[in-house]
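Observations on chain architecture
Below are the chains, spelled out letter by letter.
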Amino acid sequence: MITTDEIERRVEKADAEKSARRTAAAREVGELARRRIALAEELAEVERKLGTVLAAAADVISIDELTEFTDVPAADLTRWLAAGKPRARRGRPPGTRRPKPGTQPETSPAPAPVVPRPGPPTAGIQPSAVHGQPS
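Below: a short report on this structure.

Describing the overall build of the chain
- A tally of helices and strands in the chain yields four helices and zero strands.
- Listing each helix as α and each strand as β along the chain from the N terminus yields α-α-α-α.
- By the burial criterion, 6% of the 135 residues in the chain qualify as buried.
- Carbon and sulfur atoms provide 58% of the accessible area of the chain, an area that totals close to 12700 Å².

Description of unusual backbone geometry
- One non-glycine residue with positive phi stands out, namely D71, at about 65 degrees.
- Relative to the helices and strands, D71 resides in the loop between α2 (63-70) and α3 (74-84).

Considerations on the pattern of salt bridges
- Counting across every chain of the model gives five salt bridges.
- The residue R10 makes a salt bridge to E6 at a minimum N-O spacing of 3.1 Å. With R10 and E6 both in helix α1 (residues 4-57) and four residues apart, this pair spans about one turn of that helix.
- For R79, the salt bridge goes to D76, with nearest N and O atoms at 3.1 Å. Residue R79 and its partner D76 are located together in helix α3, separated by three residues, close to a single helical turn.
- Judged by relative accessible area, which is 24%, D76 ranks as partly exposed.
- Connected through shared salt-bridge partners, E6, R9 and R10 make up one network.

Quick notes on α1
- Its 54 residues give α1 an end-to-end C-alpha distance of 79 Å, which sits within 8% of 80 Å, the value for a rise of 1.5 Å per residue.
- Listing the buried residues of α1 in full gives G30, G51 and L54.
- For α1, the secondary structure elements touched by its buried residues are α2 and α3.

As for a negative patch on the surface
- A grouping of D5, E8, E12 and D15 is seen on the molecular surface, where their side chains present a negatively charged patch.
- Here E12 lies in helix α1.
- Looking at E12, the relative accessible area reads 49%, which means it is partly exposed.

Points about the packing of α1 against α3
- For the pair α1 and α3, the least separation of the axes is 7 Å and the interaxial angle reads 90 degrees. For the element pair α1 / α3, the angle class is roughly perpendicular. Packed against α1, whose contacting residues are E47, L50, G51, T52, L54 and A55, the element α3 presents L77, R79, W80, L81 and G84 at the interface.
- When its residues are assigned to classes, the contact of α1 with α3 shows six nonpolar, three polar and two charged.

Things to note about the nonpolar core
- Listed in full, the six residues of the largest apolar core are L54, I63, L66, L77, W80 and L81.
- Elements with a minimum of two residues in this core: α2 and α3.
- Residue contributions to this core peak at three residues, all from α3.

Calculation criteria
Residues numbered from 1 in each chain as written. Predicted model: local features only at pLDDT ≥ 70, side-chain atom pairs only at ≥ 80, totals over all residues. Heavy atoms only, no water. Helix = DSSP H or I, 4+ residues; strand = E, 2+ residues; numbered from the N terminus. Buried < 20%, exposed > 50% of the residue type's maximum accessible area, 1.4 Å probe, protein only. Areas by Shrake-Rupley, 256 points an atom, 1.4 Å probe, with all protein chains shown as cover. Salt bridge = Lys/Arg side-chain N within 4 Å of Asp/Glu carboxyl O. Expected span 1.5 Å × (residues − 1). Contact = heavy atoms within 4.5 Å. Patch = residues over 30% accessible without salt bridge, like charges linked within 9 Å, V, L, I, M, F, W, Y side chains within 5 Å. Lys, Arg positive; Asp, Glu negative; His and termini not counted. Charge placed at Lys NZ, Arg CZ, Asp CG, Glu CD. Axes fitted to C-alpha atoms, helices over the stretch in contact; angles between N-to-C directions. Parallel < 35°, antiparallel > 145°, perpendicular 65-115°, else oblique. Nonpolar A, V, L, I, M, F, W, Y, C, P; charged D, E, K, R; others polar. Core = buried A, V, L, I, M, F, W, Y, C linked by side-chain atoms within 4.5 Å.

Shown next as structure tokens:
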């Protein structure tokens, strides 16, 4: 029969092999992911530059002409051109929004000052009688 020490050694050996493979896989995935991020950032910068160049040249050359001269699909050129243009603001300017129906506006009017109601003088009347409670 196998000893407890031998079992422990075999388990550790199997775990070490598995751990080495896990480490290698994690390392490779991490490196590839970092490389992908760098390439995506570089690609985004190239596309921004393409858009800027296309927008600057729009008055002298059309997308169709560029497609003819460069063999770059018009859809790509149009997408890059749109990405290079500044985006239009959407919605209303700040401070001009209307409140949604059923909601209170952000600022509420100041409460009206308390004005005493005219009536007979209350001198000599118990406070409990003023509120309609028997004394």
